[in-house]
Amino acid sequence: MSDAARNYYFATALPPPPHAPLAGEVRADVCIVGGGIAGLSAALHLVERGFTVALLEAKHLGFGGSGRSGGQTIFGYASGQEKLKKVVGDADARKMWDVALEGMQLQQQLIARHGIDCDYVAGHMHVGVKPRHDAELAAEVETLHEEYGYSTVRTVSHEELRTLIASDRYTTGLYDSASGHLNPYKYTLGLGAAAARAGVRIFENSWVTKLDVARDADGEHVAHAANGTVRARHLLVAGGALLGRLVPELARKLMAVGTYIASTEVLGERRAASLITNDAAVADINWVLDYFRRTPDHRLLFGGRVSYSGLDPFDSSRIMRGRIVRVFPQLADVKIDYAWGGFVDITPNRAPHFGRLAPNAYFLQGFSGHGMVITGIAGKLVAEAISGTAERFDVFARIPHRDFPGGALFRRPALVLAMLWFRLKDLL
Ligand SMILES: Cc1cc2nc3c(=O)[nH]c(=O)nc-3n(C[C@H](O)[C@H](O)[C@H](O)COP(=O)(O)OP(=O)(O)OC[C@H]3O[C@@H](n4cnc5c(N)ncnc54)[C@H](O)[C@@H]3O)c2cc1C
């Protein structure tokens, strides 16, 4: 089955207008590699500031995580604030928190300003699956209220949670009315349409196979694709987990981890609504987490399970079905209509990895499976930096990132071991 037929979002979206591949030599102020939310947001913010922009996408807009995601738009970072404080100190961690909050507002503004129809629904719950999670969730709510003044979160008791999710699996929860869920592919395409309308030149099926990065500030970067080149004074690399080894110094900081999502058949409004009565998105707080939500056409969309040994799309449907039934045994008779996989770009400390390859060559990566909100604001930070105000971008560029343990050869075995450890931790 083709990628387009397996992925619920690709199969159900209206076919977007295609963008022709790059042919010949194109000049622009900024060249962007990658047509996900990060690259498109940067493109949009840059063109609005008066730059000319050429964006190269290897396949089609939203081909990467941005068109495969669970669509859960959640506050904060994958690493969590406490970890960030240890890594960058209290002051920078606080600045990062403020950026993440602005990211949530920016997402709403982009949706409203550009009329993006992406099925946004407010409400998100983190839920516990074992007694020790209750204390963790309660402490998180307290910290968010007292340290960050983030008042949209509250704890959800076991009794209340039982009325919200039709499953015996969960203990207590953290509900956030400012987080939510959306169709990530439609959101990405909406950003792409807005960028194209504003004048960004988008080239699809234009895989960048070689990058000549100018090492000095006056130089010109050159991106090479099969039938053309883009020359630009500024460069942004936003290829996420699919960038591969194009830029070895970026590849060393990332592990591309395979993860899966399945969508049930249409359940009908009553049955779907009975599963999550408040229509919030839900994620448990295990390291190898389950996350799920309803769709506007009344399916259950359920993600989880990671694979460090590569994606296995053929049996993902059966495995995901098992995970769905573990949460909702009442869905044992339900068919899986779609099951697809994608890669998340994980850093060792799970903090985002932004920086420069050279004075005018920027990169954004390492969203670590928590990129729906941060990618958008990250694109804005790059636009600020290219326009001469790099203060906020540099808060992120200062985050220390180690190479992934094991080097190129042993990265995967090292990660499989780490994975076994995290699975074990989830069992305790
Ligand atoms: C299955 C799955 C579920 C997820 N669920 C959630 C969730 O619920 N909530 C959340 O916050 N986050 C989630 N994420 C993470 C989130 O989707 C990502 O962090 C985010 O979409 C990353 O956006 P991006 O623009 O950085 O990269 P991507 O969306 O991956 O875009 C990068 C693009 O660059 C292109 N590219 C790569 N190399 C080249 C090259 N050499 N030349 C040209 N183009 C190139 C790729 O084709 C791709 O389209 C999930 C991810 C996956 C895979």
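Below you will find a few notes about this structure.

Each value, and the rule that gives it
Residues numbered from 1 in each chain as written. Predicted model: local features only at pLDDT ≥ 70, side-chain atom pairs only at ≥ 80, totals over all residues. Heavy atoms only, no water. Core = buried A, V, L, I, M, F, W, Y, C linked by side-chain atoms within 4.5 Å. Buried < 20%, exposed > 50% of the residue type's maximum accessible area, 1.4 Å probe, protein only. Helix = DSSP H or I, 4+ residues; strand = E, 2+ residues; numbered from the N terminus. Polar contact = N/O pair within 3.5 Å; in protein donor to acceptor, adjacent residues only side chain to side chain. Contact = heavy atoms within 4.5 Å. Near = heavy atom within 4 Å. Areas by Shrake-Rupley, 256 points an atom, 1.4 Å probe, with all protein chains shown as cover. Nonpolar A, V, L, I, M, F, W, Y, C, P; charged D, E, K, R; others polar. Expected span 1.5 Å × (residues − 1). Arc of directions from axis to C-beta. Pairing = 2+ DSSP bridges. Right-handed = clockwise from strand over helix to strand, strands pointing away.

### Side note on the nonpolar core
In step 1: Judged by nonpolar contacts, the single largest core of 78 residues is most densely connected at Ile32, Leu46, Val53, Phe75, Tyr187, Leu364 and Phe396.
In step 2: Ranked by the residues each element gives to this core, the list is headed by helix H5 (residues 90-113), at 9 residues.

### Quick look at the side chain of Ser368
In step 1: Relative to the helices and strands, Ser368 resides in the loop between strand S17 (361-365) and helix H12 (374-386).
In step 2: Looking at Ser368, its side chain comes within polar contact range of the main-chain nitrogen of Thr347, at 3.3 Å.
In step 3: The residues touching Ser368, leaving out its near neighbours within four places in the chain, are Ala78, Asp345, Ile346, Thr347, Arg350 and Ala351.

### So, the site of the ligand
In step 1: Surveying the vicinity of the ligand reveals 38 residues, the closest of which are Glu57, Ser66, Gly70, Gln72 and Val208.
In step 2: Within the contact set of the ligand, a nitrogen atom lies 2.9 Å away from a backbone nitrogen or oxygen of Ala58.
In step 3: Interatomic distance of 3.2 Å between a backbone N/O atom of Gly369 and a nitrogen atom of the ligand.
In step 4: A total of 1,000 Å² of accessible area belongs to the ligand in isolation, and the protein chains cover 97% of it.
In step 5: Sorting elements by how many residues they give to the shell around the ligand places strand S15 (residues 336-346) first, with 3 residues.
In step 6: Classifying every residue of the shell around the ligand gives 18 nonpolar, 18 polar and 2 charged.

### Structural notes on helix H6 (residues 131-146)
In step 1: Taking 1.5 Å of rise per residue, 16 residues should cover 22 Å, and H6 covers 24 Å from first to last C-alpha, within 8% of that figure.
In step 2: The set of residues buried in H6 consists of His133, Leu137, Val141 and Leu144. For H6, the arc enclosing every buried residue in end-on projection is 75°, short of the 170-degree limit, so these residues lie on one face. Opposite its buried face, H6 presents the exposed residues Pro131, Ala135 and Glu146, each directed more than 90 degrees away.
In step 3: Of the surrounding secondary structure, the elements contacted by the buried residues of H6 are H5, strand S4 (121-127), strand S5 (153-156) and strand S6 (173-181).

### Considering the environment of Ser177
In step 1: As for its placement among the helices and strands, Ser177 is situated in strand S6.
In step 2: On the basis of relative accessible area, Ser177 is assigned to the partly exposed category, the value being 36%.
In step 3: In sequence terms Ser177 and Tyr9 are 168 residues apart; their C-alpha atoms lie 25 Å from each other.
In step 4: Discounting residues that sit within four places of it in the chain, Ser177 has contacts with Ala122, Gly123 and Thr152.

### What about the pairing of S4?
In step 1: Here S4 lies mainly inside the structure; 5 of its 7 residues are buried.
In step 2: The sheet contact formed by S4 and S6 spans 6 bridges and is antiparallel. Bridge assignment links Val121 to a residue of S6, and that residue is His181.
In step 3: Across 4 bridges, the pairing between S4 and strand S12 (residues 281-284) is parallel. Counted as the bridge partner of His126 is Ala283 from S12.

### Digging into the pairing of strand S2 (residues 53-56)
In step 1: Side chains Val53 and Leu55 project from S2 onto one buried face, and the interleaved Ala54 and Leu56 project onto a second face that is buried too.
In step 2: For strand S1 (residues 24-33) and S2, the ladder comprises 4 bridges, and the chain directions are parallel. Paired with Val33 across the two strands is Leu56, which belongs to S2.
In step 3: For the handedness criterion, the β-α-β arrangement of S1, helix H3 (residues 37-48) and S2 is classed as right-handed.
In step 4: In the sheet, S2 pairs with strand S7 (residues 201-203) via 3 bridges, with the strands oriented parallel. Of the residues in S7, the one forming a bridge with Leu56 is Phe203.

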